[in-house]
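Given next are the chains, with one letter for each unit.
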Amino acid sequence: MTNSSDEVQRGLQDVIALESHICFIDGKEGRLIYDGYDIRDLAAQSNFEETAYLLWYGRLPTSDQWATLRHHLVELRALPSAMVERIDSMPATATPMDVLRTAVSELALFEPEETRPGPSSIGGAQRLTAILPSILGQFHRRRAGLPPLAARPDLSHAEYLLYALLNRDPSELEARVLDVALILHADHELNASTFAARVTASTLSDLYSAVTSAVGTLKGPLHGGANERVMEMLEEIGTPDRVEEVVKAKLSRHERIMGFGHRVYKVEDPRATILREWSRRIGEAQGDLHYYELLRKVEEVVHREKGLYPNVDLYSGSVYALLGIPPDLFTPVFAASRVAGWTAHVLEEYQDLRLIRPMAKYIGPTDLPYVSIGSRV
Ligand code: ACO
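Fair warning: this is a prediction, and the values are worked out from it, not measured in the lab.

Enquirer: So what's going on with the pattern of salt bridges? Residues and values would help.
Expert: Summed over the entire model, instances satisfying the criterion amount to 29 salt bridges. A salt bridge links arginine 152 to aspartate 154, with the shortest nitrogen-to-oxygen separation between them at 2.7 Å. Across the salt bridge formed by lysine 248 and glutamate 244, the nearest N and O atoms sit 3.3 Å from each other. With lysine 248 and glutamate 244 both in helix H12 (residues 243-252) and four residues apart, this pair spans about one turn of that helix. The exposure class of lysine 248 is partly exposed, given its relative accessible area of 37%. Exposure remark for glutamate 244: the relative accessible area of 24% places this residue in the partly exposed category.

In structure tokens:
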């Protein structure tokens, strides 16, 4: 028995589920556009706060609007004391993505006024974006025995995130590298985590529930978790002369090479192009091109053997590692950027709401006779 057309689009591949103003991916040309602006221009000239404004409001801010938003985001960073206690009570061995997912969900208990679905959710969007670095910093600092967070109103989102994780002020270059990475990760159309957020929002559930869904979805290694796995692969490879052997062995075992391939891009992911250059720049500045050289060689072998191009996750891990960010915080740093896109999409969903509810093609039996429990074998 079927209740729909026989065409099944596995993984919803090539299905256009909704209209959106926020983000356009040209998978054939390798272009990424946020609200009309090419990611290459934003990465060269913008900053995370401005990019977040663009995603939320659909236009670039004036200097006054930018300054107001930046000031507001600083004010919204503070964790409620009850959340500090909650985070401090979490096991120090917990995975930071689990901590983040739990903390986002629990934050709703303390801020019910921010969680109401609707256009006013812009307040919640800004609150969540501002507070994610504080959640990560609070957890990481406790487990690492670092001093508690200070408010640091002088620091931008990227600078504060680095300060929160490293307990030091970043250099200008470090702050710019992270700012660019945050711009590049801020949105990506209907990727799995954003879709999860929109599905949740489409039931008229609240923003915090939607972002909780998104964090759980980003965690998977086929999505945001790939950057951490790239670094595991580099550790396994060790030296450039072992790239060929290790990559070919993985491919012969039909293992996926993390940081390669993409559902939408059929050419190189433009974010990978930009991050590759920043990986080289930060490597040169630190006199350590080890990761960069390994990754260039991995790219060469994977492209030759499988015809695959790198995605954003190939270089992000090496950039974060050179910044001194621990590997289990790579995906949470991704989340600290993508939260701007998730919340922009949730706001868009509330404005043009339609319950997202696809169908499955049933391939099981029908009309089985019910056998009472005592008679089953
Ligand atoms: N390594 C090896 N083979 C791959 C890879 C890879 N990274 N990516 C795709 N392939 C192969 C598949 O094995 C499959 O081969 P087959 O036809 O011989 O079976 C073919 O390419 C098509 O793969 P699909 O899984 O159908 O392609 P899909 O569009 O679903 O995959 C995905 C996209 C999940 C990102 C995939 O490329 C992948 O697993 N990449 C590695 C994980 C990764 O880097 N994720 C980050 C993505 S970017 C982001 O989320 C921020």
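Past the structure itself, the notes keep going.
Enquirer: Break down the site of the ligand for me, citing the residues and quoting the values.
Expert: Taken together, the neighbourhood of the ligand is formed by 19 residues, with His223, Arg256, Ile257, Gly259 and Phe260 sitting nearest. The contact in question runs from an oxygen atom of the ligand to an N or O atom on the side chain of arginine 256, over 2.8 Å. For the ligand, whose free accessible area comes to 910 Å², the fraction covered by protein is 68%.

Enquirer: Mind laying out helix H13 (residues 270-285), listing which residues take part and the relevant values?
Expert: Under the 1.5 Å per step criterion, the end-to-end length of H13 is 23 Å for 16 residues, consistent within 8% with the ideal 22 Å. Among the residues making up H13, those that are buried are Pro270, Arg271, Ala272, Ile274, Leu275, Arg276, Trp278, Ser279, Ile282 and Gly283. Glycine 287 occupies a position one or two residues after H13 and carries a positive phi of about 65°.

Enquirer: Give a detailed account of the environment of histidine 188, specifying residues and quantitative values.
Expert: In this fold, histidine 188 is placed in the loop between helix H8 (172-185) and helix H9 (192-201). Overall, histidine 188 belongs to the buried group, its relative accessible area being 3%. If we ignore the near neighbours within four places in the chain, the residues touching histidine 188 are Cys23, Ile25, Leu32, His262, Tyr265, Arg271 and Arg338. Among the polar contacts made by the side chain of histidine 188, one reaches the side chain of tyrosine 265 at a distance of 2.8 Å.

Enquirer: Hey, could you go over the domain arrangement of the chain for me, with residue numbers and the actual values?
Expert: With domains assigned, the chain is organised as domain 1 (17-220 + 327-351) and domain 2 (226-323). Between the C-alpha centres of domain 1 and domain 2 the distance comes to 25 Å. Contact between domain 1 and domain 2 buries roughly 2300 Å² in total, counting both sides, with carbon and sulfur atoms accounting for 73%. Taken together, domain 1 and domain 2 are joined by zero salt bridges. The interface formed by domain 1 and domain 2 contains three residue pairs in polar contact (both at pLDDT 80 or more). Of all elements in the fold, only strand E1 (23-26), strand E2 (31-34), helix H1 (39-45), helix H7 (157-166), H8 and helix H16 (330-351) reach the threshold of two or more residues within the side of domain 1 that touches domain 2.

Enquirer: Quick rundown of the packing of helix H6 (residues 122-144) against H7? Include the residues and the values.
Expert: Packing of H6 against H7 leaves a shortest axis separation of 8 Å and a crossing angle of 15°. Classified by the angle their axes make, H6 and H7 are roughly parallel. Here H6 and H7 pass one another in a crossing that is right-handed. Counting all contacts with H6, which are made through Thr129, Pro133, Ser134, Leu136, Gly137, His140 and Arg141, the residues of H7 involved are His157, Tyr160, Leu161, Tyr163, Ala164 and Leu165. Classifying every residue of the contact of H6 with H7 gives seven nonpolar, five polar and one charged.

Enquirer: Could you give an account of the side chain of threonine 212, with specific residues and numbers?
Expert: Mapped onto the elements of the fold, threonine 212 is located in helix H10 (residues 207-218). Excluding residues that lie within four positions of it along the chain, threonine 212 makes contacts with Arg101, Val104 and Ser105.

Enquirer: I'd like to hear about the sheet that holds strand E3 (residues 37-38), residue by residue, with values.
Expert: Pairing within the open sheet is antiparallel, and its three strands lie in the order E1-E2-E3. Sheet topology places E1 and E3 at the edges, where each strand pairs with a single neighbour.

Enquirer: Run through unusual backbone geometry, naming residues and quoting values.
Expert: Here glutamate 189, not a glycine, exhibits a phi torsion of approximately 50°, which is positive. Mapped onto the secondary structure, glutamate 189 falls in the loop between H8 and H9. What makes glutamate 189 partly exposed here is its relative accessible area of 29%. Backbone geometry places aspartate 367, a non-glycine residue, at a positive phi of 65°. The class for aspartate 367 is exposed, based on a relative accessible area of 77%.

Enquirer: Any chance you could break down H10 for me, citing the residues and the numbers?
Expert: Over its twelve residues, H10 extends 16 Å from the first C-alpha to the last, a length consistent with the 16 Å expected when each residue adds 1.5 Å. When we look at burial in H10, the residues that qualify are Leu207, Tyr208, Ala210, Val211, Thr212, Ala214, Val215 and Leu218. Tucked inside the fold, the buried residues of H10 contact helix H5 (96-110), H6, H9 and H16. You can read the cap of H10 off the contacts: a side-chain oxygen lies 2.9 Å from the backbone nitrogen of tyrosine 208, and it is on aspartate 206.

Conventions adopted
Along every chain, residues carry numbers that run from 1 in the direction the sequence is written. Two thresholds apply to this predicted model, a pLDDT of at least 70 for residue-level local features and 80 or more for giving and counting side-chain atom pairs, whereas whole-chain, interface and lining totals are computed over all residues. To get the side-chain values, all heavy atoms of the structure are used, and hydrogens and water are removed first. The working definition used for a salt bridge is a side-chain nitrogen of Lys or Arg within 4 Å of a carboxyl oxygen of Asp or Glu. Secondary structure elements follow DSSP: runs of H or I no shorter than four residues count as helices, runs of E no shorter than two count as strands, and numbering proceeds from the N terminus. Per-residue accessibility, obtained with a 1.4 Å probe over protein chains only, is compared with the maximum for each type, and a residue is labelled buried under 20%, exposed over 50%, and partly exposed between these values. Nearness is defined per residue: one heavy atom within 4 Å of the molecule or strand is enough. Under the rule applied, a polar contact is a pair of N or O atoms within 3.5 Å (in protein, one hydrogen donor and one hydrogen acceptor; residues adjacent in sequence only if both atoms are side-chain atoms). In this description, accessible areas are obtained by the Shrake-Rupley approach with a 1.4 Å probe, and a residue is regarded as covered only by the protein chains that are shown. In this scheme, a helix's expected span is set at 1.5 Å multiplied by one less than its residue total. It only takes one pair of heavy atoms within 4.5 Å for two residues to be counted as in contact. Boundaries of every domain are those given by an automatic assignment or by a domain database. When two components associate, each loses some accessible surface as probed by a 1.4 Å sphere; the sum of these losses over both components is called the buried area. What counts as an axis is a line fitted to C-alpha atoms, over the stretch in contact for a helix, and the angles between N-to-C directions run from 0 to 180 degrees. Roughly parallel covers angles under 35 degrees, roughly antiparallel covers those over 145, roughly perpendicular covers 65 to 115, and oblique covers all other angles. In this scheme the crossing of two helices becomes right-handed for a clockwise turn of the near helix relative to the far one and left-handed for an anticlockwise turn of less than a right angle. For this classification, the nonpolar set comprises Ala, Val, Leu, Ile, Met, Phe, Trp, Tyr, Cys and Pro, the charged set comprises Asp, Glu, Lys and Arg, and every other residue, Gly included, is treated as polar. Two strands are said to pair when DSSP picks up at least two bridges between them.

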